[in-house]
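The primary structure of each chain is shown beneath.
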2 protein chains.
Amino acid sequence: MIDGGIKERIKSIVGEKNFTDNPFDLIAYSADGSEAEGMAEAISWVITSEQVSEIMKLANEKRFTVTPRGAATGLSGGAVAKQGLIMDFSRMNTILEIDQKNLTATVEAGVVLADLNKELEKQGTGLFFPPMPASDSVAQVGGSIAENAGGVRAVKYGVMRDWILGLEIVLPTGEIINEGGKTRKNVSGYDLIGLLTGSEGTLGIITKATVGLTPIPESRLSALAYFDTPENAGKFIFALFQSGLDISAGEILDRQTLNTVAGYTGMDFPDCGAMILLEMDGDMEDIKRRLAKLEELFKSSVGISDYRLAWDPVENLELWRARKAALPSMAQLKPNVVIEDTTVPLSKIPELLKRMEELAKQFNIRIPCYGHIGDGNIHPMFLFDPRDHDEAKRAHDAVKVMGDIVLKDLQGTVTGEHGVGTEKKMFMLAEHGQAKMNLWRRIKKAFDPNGILNPGKIFDYD
Amino acid sequence: MIDGGIKERIKSIVGEKNFTDNPFDLIAYSADGSEAEGMAEAISWVITSEQVSEIMKLANEKRFTVTPRGAATGLSGGAVAKQGLIMDFSRMNTILEIDQKNLTATVEAGVVLADLNKELEKQGTGLFFPPMPASDSVAQVGGSIAENAGGVRAVKYGVMRDWILGLEIVLPTGEIINEGGKTRKNVSGYDLIGLLTGSEGTLGIITKATVGLTPIPESRLSALAYFDTPENAGKFIFALFQSGLDISAGEILDRQTLNTVAGYTGMDFPDCGAMILLEMDGDMEDIKRRLAKLEELFKSSVGISDYRLAWDPVENLELWRARKAALPSMAQLKPNVVIEDTTVPLSKIPELLKRMEELAKQFNIRIPCYGHIGDGNIHPMFLFDPRDHDEAKRAHDAVKVMGDIVLKDLQGTVTGEHGVGTEKKMFMLAEHGQAKMNLWRRIKKAFDPNGILNPGKIFDYD
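Given the structure is predicted, the values throughout are model-derived calculations rather than measurements. (Residues numbered from 1 in each chain as written. Chains lettered and ligands numbered in written order. Predicted model: local features only at pLDDT ≥ 70, side-chain atom pairs only at ≥ 80, totals over all residues. Heavy atoms only, no water.)

1. Some thoughts on the overall build of chain A
Scanning chain A for helices and strands turns up 15 helices and 18 strands. In terms of overall dimensions, chain A is globule-like: its C-alpha atoms have a radius of gyration of 23 Å, near the 23 Å expected for 462 residues. Principal-axis analysis of the C-alpha atoms places the extent of chain A at approximately 70 × 60 × 40 Å. When each of the 462 residues of chain A is scored for burial, the buried share is 63%. Pairs at least 24 apart in sequence give 73% of the contacts found in chain A among residues at least 6 apart. When the accessible area of chain A is evaluated, it comes to approximately 16700 Å², of which 50% is carbon and sulfur surface. Charged side chains of chain A number 51 positive and 65 negative; the gap between the two group centres comes to 2 Å. (Helix = DSSP H or I, 4+ residues; strand = E, 2+ residues; numbered from the N terminus. Rg over C-alpha atoms; globule rule 2.2 N^0.38 Å. Buried < 20%, exposed > 50% of the residue type's maximum accessible area, 1.4 Å probe, protein only. Contact = heavy atoms within 4.5 Å. Areas by Shrake-Rupley, 256 points an atom, 1.4 Å probe, with all protein chains shown as cover. Lys, Arg positive; Asp, Glu negative; His and termini not counted. Charge placed at Lys NZ, Arg CZ, Asp CG, Glu CD.)

So, in structure tokens, the structure goes:
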């Protein structure tokens, strides 16, 4: 419970204008990008790491819970609090340094991903920060690290973890520690960057990060192909990765998704089982050379009914139209969607698509699927109308069965991108087993002895 | 203390032929690639994860310590035990599965890195496992993961951590847990692969690993350039990484190293401050195109007195001769060497080389330096003759000062590749501070409540 006395103490730390317990504000902060909901008791904006530290010390003293929050674009409930204080980072958003010589940037946790890239462009560095979750125009660095965000370019550039060189972390107990820095390699002591990245704000609060940068590729070109069946798309995926052709994005859209996009945009697709869209980046001469190789691969693949190659940046944009319309088009069919992010071994992608089609029939709902072939990370979209209670229940029951299928039959994980939060806790025991979850509890306790930091996420501590 | 009763229990777990307490064996196991020394009380070879588990349960019951050991090529003392049991993995060395469709291999901990690549070649997969520490012809998978080994190709392919998709881990308490699998992305729960990789066998025992594979590049070509000063070499490094030219190895050899190599091989080098050697891989057409671009970069760089380009694989090997002779050539000068692996921000490489030259003068010893420019990971080689006690002391005193320089003046770490073990413990407080080391202790305790697994490495637990 955050009583009046605690509220005054928090105000004395962050200042009057960085605190609210107005119910309208609390309602505005009661959700994220998932279905999770919860009302906190108060919200404070933080500006400095020292404020974060002082609040954590107070939270330990008074035993209230703290939930760090970036832009709350998360899809698993990580930034939603059912009690205690929400700590908002949007006002702690300074780009502290762009160090062109070391290809690094040091930023505060509240810096928006796209803003960093805009600043890099503005300064004419020729560099960019590659991780690009779909929400990058609003998602903040701290939250993206906490969730180990991915995105369409992960197949070439990796996820957040691959770009974090240094972190400033405020421990739940209030100590401020620094891990790593500007060095590209570091094996000194336990890898706390690895452990904190993706820990969903349960082990420590990320206040600053030093990230790696890389030169902006001269250009990007894409290609797409329509396959008669998901199985033949799967065979092509195998041939593609065996070929060593370096793709910077690789997306698959299943038949259901194409139908949905067609209905929404008026685009016309050939009758097919799946579409694969590939992007390559580099200098123009090199991409064109590789695009020609890709065409050879298309020609020698089985089950391709049609393909298109974009030889210039304008055509390139056109090829991405269907993929960009995929998520918005779903909204036209049904007002709500549970966006899953199951990840399976590459060879299991066709089976996953097939099983989701069967699941849709079994529960009489729609489950269009699209996602990233380079990582086996597919987004089954469980569509439903919340006013239709039976349909809503069928959709949620189907999600549970999907978990079983992915874990038992496909050697996959229930989350490759979005994290566990509150929304995927139900799968943790089946995915990880009791011994590992007991270890998680001991790790959590090593960081947060009083269990006050972002409680109830990933797993239950007690 | 491992008494007679415990020895019988261990024999009953692993079998008579997988146990020894013969003093000659214990002496043979008393060192690794560093200066660390210590005599264990017994050695057992393990064949199965269940044996590892049973031994750990026994160790907890009887409170003896266990030190896992691969090929003991480590350079920081990680596999050396001062007491208790050494657990040797060299007989647990089965390649369990090569899954070409998913570009993965699953191996037991004792598989030698080079043996995996030989098997991949033998089966005609066209794939390879890229991490290649210098010791890869003997180093084992388990030990290489425990140390998060790097190598010359890390600039393009990353380190062990970047290739580990799944682990089977025996916890110090004896439970067997599985983390990850064949999926390329996974954000389900705490990243135990990240935490265990590089934890130097202090948190858990790696018994099996599923690793990623990638297509073997068609060819490799190299280029080298001689720079008048390390500063100009540093300017070139900046231009190189800004250019986006994708190199698969980038090495620097300082003047001292070149002199040493010249004396050893009879090779003739131009008078210079440093040599940089670069490798690129890909298909031949592409590499040649990039090699031509690299030549342009050489031509436009300041301070290059001479350069060479290898346009075919034979010339390529010739260019690597000096680099390959670097370590052996040192042995001709002095019988002993402390091999350091300081890592600094890219822009600090020239200053590091300059400071090491000054340090050599200050302590009247030789400190040739070479290393990996892509990671800022340089190997200062502190040469000495152990029979010359004063020189040996000067060398070790100089190592301590090097730690100060790297941490205080160069924003670096004392270890980018080799780990802390026993040999770099003295720097940990200065590098990490008390709050973080207290956290390490709590993490260690979460995994290993009785402190029986590889004690005394990285830091002291009590």
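On we go.
2. Concerning the sheet that holds strand β3 (residues 66–69) of chain B
All names here are of chain B. Read across the open sheet, the four strands follow the order β1-β2-β4-β3; overall the sheet is mixed. Across the chains shown, the open sheet's two edge strands, defined by having one partner strand only, are β1 (19–20) and β3. The strands touched by helix α3 (residues 49–62) within the sheet are β2 (42–45), β3 and β4 (85–88), with β4 carrying the most contacts at an inclination of about 170°. (Pairing = 2+ DSSP bridges. Axes fitted to C-alpha atoms, helices over the stretch in contact; angles between N-to-C directions.)

3. Description of the state of the cysteines
Overall, the coordinates contain zero disulfides over all chains when judged by the stated rule. Free of any disulfide, A:Cys369 has its nearest cysteine sulfur in A:Cys272, 14 Å distant. (Disulfide = S-S within 2.5 Å.)

4. Some details on the side chain of A:Glu340
By secondary structure assignment, the location of A:Glu340 is in the loop between β16 (336–339) and α13 (349–363). For A:Glu340, a relative accessible area of 5% translates into the label buried.

5. Re α3(B)
Residue and element names in this part refer to chain B. Here α3 contains 14 residues, and its C-alpha end-to-end distance of 20 Å stays within 8% of the 20 Å for a straight helix at 1.5 Å per residue. Turning to α3, its buried residues are Ser49, Gln51, Val52, Ser53, Ile55, Met56, Leu58, Ala59 and Asn60. Among the residues trailing α3, Arg63 stands out with phi positive, at a value near 55°. (Expected span 1.5 Å × (residues − 1).)

6. Topic: the pairing of strand β12 (residues 219–227) of chain B
Residue and element names in this part refer to chain B. For β12, a buried count of eight out of nine residues is recorded, marking the element as mostly surrounded by other parts of the structure. Of the strand pairs in this sheet, β12 and strand β14 (residues 274–282) are connected by nine bridges, and their pairing is antiparallel. The residue bridging Ser219 from the neighbouring strand is Gly282, located in β14.

7. Concerning the environment of A:Ile47
Residues and elements named next belong to chain A. Mapping Ile47 onto the fold places it in the loop between β2 (42–45) and α3 (49–62). Ile47 sits in the partly exposed class, given a relative accessible area of 33%. Not counting the four nearest positions on each side in its chain, Ile47 is found in contact with Asn18, Arg91, Met92 and Glu108.

8. Digging into the confidence of the model for chain A
Atomic detail in the predicted coordinates should be set aside for any region of low pLDDT. Summarising the model, chain A shows a mean pLDDT of 96, and 100% of its residues fall at 70 or more. Scored as a whole, the predicted complex attains pTM 0.97, and scored at its interfaces, ipTM 0.96. (pLDDT = per-residue confidence, 0-100.)

9. Thoughts on the interface of chain A and chain B
At the interface, 78 residues of chain A touch 78 residues of chain B. Across the interface of chain A and chain B, roughly 6100 Å² is buried in total on both sides, 60% from carbon and sulfur atoms. When the buried area of chain A at its contact with chain B is split by residue, A:Lys185, A:Val187 and A:Tyr190 rank highest and sum to 16% of it. Across the contact surface, chain A and chain B share 30 residue pairs in polar contact (both at pLDDT 80 or more). (Buried area = accessible area lost by both parts, 1.4 Å probe. Polar contact = N/O pair within 3.5 Å; in protein donor to acceptor, adjacent residues only side chain to side chain.)

10. So, the environment of B:Val401
Residue and element names in this part refer to chain B. Locating Val401 in the fold gives a position in helix α14 (residues 389–409). Linking Val401 and Thr210, residues 191 residues apart in sequence, is a C-alpha distance of 40 Å. In contact with Val401, not counting residues within four places along its chain, are Leu359 and Phe363.

11. Description of the relation of the copies chain A and chain B
Superposition of chain A onto chain B requires a rotation of 180° combined with a translation of 0.0 Å along the rotation axis, giving an RMSD of 0.0 Å. Both chain copies can therefore be described as sitting about a two-fold axis. Closest to the rotation axis within chain A is the C-alpha of A:Gly194, separated from it by 2.5 Å. An overlap of 100% is found between the interface residues of chain A and their copies at the interface of chain B, pointing to a shared contact surface. (Least-squares fit on C-alpha atoms with pLDDT ≥ 70 in both.)

12. Overview of unusual backbone geometry
Despite not being glycine, A:Asn364 has its phi angle at roughly 50°, a positive value. In this fold, A:Asn364 is placed in the loop between α13 and β17 (369–372). One non-glycine residue, B:Asn454, adopts positive backbone phi at about 45°. Relative to the helices and strands, B:Asn454 is located in the segment after α15 (428–447). The class of B:Asn454 is buried, set by a relative accessible area of 1%.

13. Some remarks on α15(B)
Residues and elements named next belong to chain B. Taking 1.5 Å per residue, 20 residues should reach 28 Å; α15 reaches only 21 Å between its end C-alpha atoms and comes up short. Along its length, α15 reaches its greatest deviation from straightness, about 80°, at Gln434. Every buried residue of α15 is listed here: Met428, Glu431, His432, Lys436, Met437, Leu439, Trp440, Ile443, Lys444, Ala446 and Phe447. (Bend = angle between axes of the 7 residues up to and from the residue.)

14. Thoughts on the sheet that holds strand β4 (residues 85–88) of chain A
Residue and element names in this part refer to chain A. Strand order in the open sheet made by the four strands is β1-β2-β4-β3, with mixed pairing throughout. The sheet terminates laterally at β1 (19–20) and β3 (66–69), the two strands that pair on one side only. Taken together, the two bridges between β1 and β2 define a ladder with antiparallel strand orientation. Looking at β2, one finds that Thr20 is bridged to Ile43. Strand contacts of α3: β2, β3 and β4, with the helix running at about 170° to β4, the strand carrying the most contacts.

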